[in-house]
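Residue strings, one per chain:
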Amino acid sequence: MDKCMVIGKAIERIANDYDLTIDTVKKAIDKSRFPLDFDLMVEEGSFCFRGPDEESKADNASICMASKILANKGVQENILPIICKRIEAWDHENIEDLLDMIRKIISIMELNPDDHTLIETCVLDINNLPSEVIPKDMIPHYRIWAMDKKGMCLVGDDANKVVHIDNIPRKM
């Protein structure tokens, strides 16, 4: 199996999954404070080189390699701020877009949970997400994290559910 092809596919996978350019991912790797040892990563991930043909083997190996690349703290330090800036610049049009960006941050941070105990790791204040103005007459115990222009709200203890504002209880 061609190691360079697997690394290339892994970089492409990261770029596609996180809406980044291939150059951005390559720069994150190059700028990492913790250099990646691709030879060791391939050796450790050799169990991923499975499949009926070379293309399938390379695709499977690229999944493992992409996770290993994203687990690198230095790569995370370079990629997380990009996604966090996107959250800060969210246009309030579709709450699903905001939720998707939050999920992307979390999926990266979960690769090294001890290093990212709080979402503030990427200088994002989860209590002050960009949002349309949320009505003041909402029941206080029902947490609304953000709302889009159509009234769809990001709610739940973990900011992981979407509900329309009309379906959220209001004070009497």
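Residues numbered from 1 in each chain as written. Predicted model: local features only at pLDDT ≥ 70, side-chain atom pairs only at ≥ 80, totals over all residues. Heavy atoms only, no water.

### Observations regarding the overall build of the protein chain
In step 1: Secondary structure summary: the protein chain contains 6 helices and 3 strands in total.
In step 2: Mapped from its N terminus to its C terminus, the protein chain presents α and β elements in the order α-α-α-α-α-α-β-β-β.
In step 3: For the C-alpha atoms alone, the extent of the protein chain along its principal axes is close to 65 × 35 × 25 Å.
In step 4: The 172 residues of the protein chain split such that 41% are buried.
In step 5: Across the protein chain, every contact between residues at least 6 apart in sequence was considered, and the portion connecting residues at least 24 apart equals 59%.
In step 6: For the protein chain, the accessible area works out to roughly 9800 Å², and carbon and sulfur atoms hold 51% of it.
In step 7: Taking the 22 positively charged and 32 negatively charged side chains of the protein chain as two groups, their mean positions are separated by 2 Å. (Helix = DSSP H or I, 4+ residues; strand = E, 2+ residues; numbered from the N terminus. Buried < 20%, exposed > 50% of the residue type's maximum accessible area, 1.4 Å probe, protein only. Contact = heavy atoms within 4.5 Å. Areas by Shrake-Rupley, 256 points an atom, 1.4 Å probe, with all protein chains shown as cover. Lys, Arg positive; Asp, Glu negative; His and termini not counted. Charge placed at Lys NZ, Arg CZ, Asp CG, Glu CD.)

### Thoughts on the sheet that holds strand β1 (residues 144–147)
In step 1: Sheet architecture is open: 3 strands sit in the order β1-β2-β3, paired in antiparallel fashion. With one partner strand each, in any of the chains shown, β1 and β3 (161–164) form the two edges of the open sheet. Averaged over all pairs of adjacent strands, the angle between strand axes in this sheet comes to 35°, irrespective of strand direction.
In step 2: Looking at chain direction, β1 and strand β2 (residues 152–155) are connected through 3 bridges and run antiparallel. Bridge pairing in β2 links alanine 146 to leucine 154. (Pairing = 2+ DSSP bridges. Axes fitted to C-alpha atoms, helices over the stretch in contact; angles between N-to-C directions.)

### Concerning the packing of aromatic side chains
In step 1: Counted under the stated rule, the structure contains 0 aromatic pairs.
In step 2: Over the ring of phenylalanine 34 we find lysine 73, and its NZ or CZ is 6.0 Å from the ring centre.
In step 3: Geometry around tryptophan 145 places arginine 143 over its ring, the cationic atom sitting 4.0 Å from the centre. (Phe/Tyr/Trp six-rings, centres within 6.5 Å; stacked < 30°, edge-to-face > 60°. Lys NZ or Arg CZ within 6 Å of the ring centre and 35° of its normal.)

### Quick word on the nonpolar core
In step 1: Ranked by internal contacts, the top residues of the largest apolar core, which has 44 residues, are Met65, Ile69, Ile79, Leu98, Leu129 and Leu154.
In step 2: For this core, the element with the most residues is helix α6 (residues 95–109), which contributes 8 residues.
In step 3: Beyond its immediate chain neighbours, meaning those up to four positions away, leucine 154 contacts Ile95, Leu98, Leu99, Ile102, Leu129, Arg143, Ile144, Trp145, Ala146, Ala159, Asn160 and Lys161.
In step 4: Counting residues in hydrophobic clusters, the runner-up holds 8 residues, among them Met147, Cys153, Ile165 and Ile168. (Core = buried A, V, L, I, M, F, W, Y, C linked by side-chain atoms within 4.5 Å.)

### Topic: the packing of helix α1 (residues 3–17) against helix α4 (residues 54–70)
In step 1: Direction vectors running N to C along α1 and α4 enclose 60°, while the axes themselves pass 7 Å from each other. It follows from the interaxial angle that α1 and α4 lie oblique. Where α1 crosses over α4, the handedness of that crossing is right-handed. Contact residues: α1 offers Met5, Val6, Ile7, Lys9, Ala10, Ile11, Arg13 and Ile14, while α4 offers Glu55, Ala58, Asp59, Ala61, Ser62, Ile63, Met65, Ala66, Ile69 and Leu70.
In step 2: A class-by-class count of the residues in the contact of α1 with α4 yields 13 nonpolar, 1 polar and 4 charged. (Parallel < 35°, antiparallel > 145°, perpendicular 65-115°, else oblique. Left-handed = near helix turned anticlockwise from the far one by under 90°. Nonpolar A, V, L, I, M, F, W, Y, C, P; charged D, E, K, R; others polar.)

### Re the side chain of glutamine 76
In step 1: Its place among the elements puts glutamine 76 in helix α5 (residues 73–88).
In step 2: Within the local environment of glutamine 76, its side chain forms a polar contact with the side chain of asparagine 112, the two groups lying 3.4 Å apart. (Polar contact = N/O pair within 3.5 Å; in protein donor to acceptor, adjacent residues only side chain to side chain.)

### Concerning the environment of leucine 124
In step 1: Here leucine 124 is to be found in the loop between α6 and β1.
In step 2: Distance from leucine 124 to glutamate 43, taken between C-alpha atoms, is 36 Å for residues 81 residues apart in sequence.

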